[in-house]
Amino acid sequence: LAMGLDYDTLRGYREDIIFVTNTAFGPKGPMMHNVGFDHIGQAMSGAMYMTGQPDQPYRAAANWVDFGTALHCAFGTMAALMQRSQTGQGQMVTGALLATAIAVTNGTLIEQHVAQVNRVPTGNRGQTSAPVDVYEVTDGFILLAVTGNPLYRRWAKLMAADPATAEPGDPDWLNDPRF
């Protein structure tokens, strides 16, 4: 701000400027001047807790909060460019690491607020569908992710397949209400 590189000052020089900022916690609020990083967003959004084990949160090795915020800023910039082409006016685009982390974990946060499910950390295991986990096999690891009833039915029939013919089976537990 001291250098006059804020949106209002620059807009005085060029009305159609598109000004993009990216901060840790956004342009307003009690934490607006605080420094933050990808893993801070992961922690504050609850993602580390939900991904970890009950006694140990896990940080994702991929910097999804950083890159997600960059993508949000790029999307906002594209929308601002489209708007400017129609109106001749610029605008300010803001990105924030915590906002991105919360946007990504939003489904879990809303579910908790509305349904009070009180989920606990499950590591690689799925929380809303099953089976979902990483399993060790003879030559490494596999990810099994069975999501939704159509995939579950298909997986169940494969698991009940006749080993001699590999023909899909029809297990009794396909109609078990527990599953």
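Residues numbered from 1 in each chain as written. Predicted model: local features only at pLDDT ≥ 70, side-chain atom pairs only at ≥ 80, totals over all residues. Heavy atoms only, no water.

### Here we look at the overall build of the protein
Link 1 in the chain: Tallying secondary structure elements over the protein gives six helices and four strands in all.
Link 2 in the chain: Secondary structure elements of the protein, listed N to C terminal, follow the sequence α-β-α-α-α-β-α-β-β-α.
Link 3 in the chain: By principal-axis analysis of the C-alpha atoms, the protein measures approximately 75 × 40 × 40 Å.
Link 4 in the chain: When each of the 179 residues of the protein is scored for burial, the buried share is 27%.
Link 5 in the chain: Within the protein, contacts between residues separated by at least 24 positions form 49% of all contacts whose residues are at least 6 apart in sequence.
Link 6 in the chain: In the structure as shown, the protein presents an accessible area of about 12,500 Å², 59% of it carried by carbon and sulfur atoms.
Link 7 in the chain: One way to put it: in the protein the 11 positive side-chain charges average out to a point 7 Å from where the 16 negative ones average out. (Helix = DSSP H or I, 4+ residues; strand = E, 2+ residues; numbered from the N terminus. Buried < 20%, exposed > 50% of the residue type's maximum accessible area, 1.4 Å probe, protein only. Contact = heavy atoms within 4.5 Å. Areas by Shrake-Rupley, 256 points an atom, 1.4 Å probe, with all protein chains shown as cover. Lys, Arg positive; Asp, Glu negative; His and termini not counted. Charge placed at Lys NZ, Arg CZ, Asp CG, Glu CD.)

### Some words on unusual backbone geometry
Link 1 in the chain: The omega torsion across alanine 130 and proline 131 is -5°, close enough to zero to call that bond cis.
Link 2 in the chain: In this structure, proline 131 sits in the loop between α5 (97-115) and β3 (132-137).
Link 3 in the chain: Even without being glycine, glutamine 116 reaches a positive phi, approximately 50°.
Link 4 in the chain: By the element assignment, glutamine 116 lies in the loop between α5 and β3.
Link 5 in the chain: The partly exposed category is assigned to glutamine 116, whose relative accessible area is 47%.

### What to know about helix α6 (residues 149-159)
Link 1 in the chain: Those residues of α6 lying buried are Tyr152, Trp155 and Ala156. Projected down its long axis, α6 shows its buried positions confined to an angular sector of 100°, all on one face. Exposed residues on α6 whose side chains face more than 90 degrees from its buried face are Pro150 and Arg154.
Link 2 in the chain: Close packing links the buried residues of α6 with β4 (140-145). (Arc of directions from axis to C-beta.)

### Some points on the environment of valine 132
Link 1 in the chain: Residue position: valine 132 is located in strand β3.
Link 2 in the chain: Its relative accessible area of 16% is what places valine 132 among the buried residues.
Link 3 in the chain: Residues valine 132 and valine 146, 14 residues apart in the sequence, show an inter-C-alpha distance of 6.0 Å.
Link 4 in the chain: Those residues in contact with valine 132, other than ones at most four positions away along the chain, are Asn124, Arg125, Gly126, Leu144, Ala145 and Val146.

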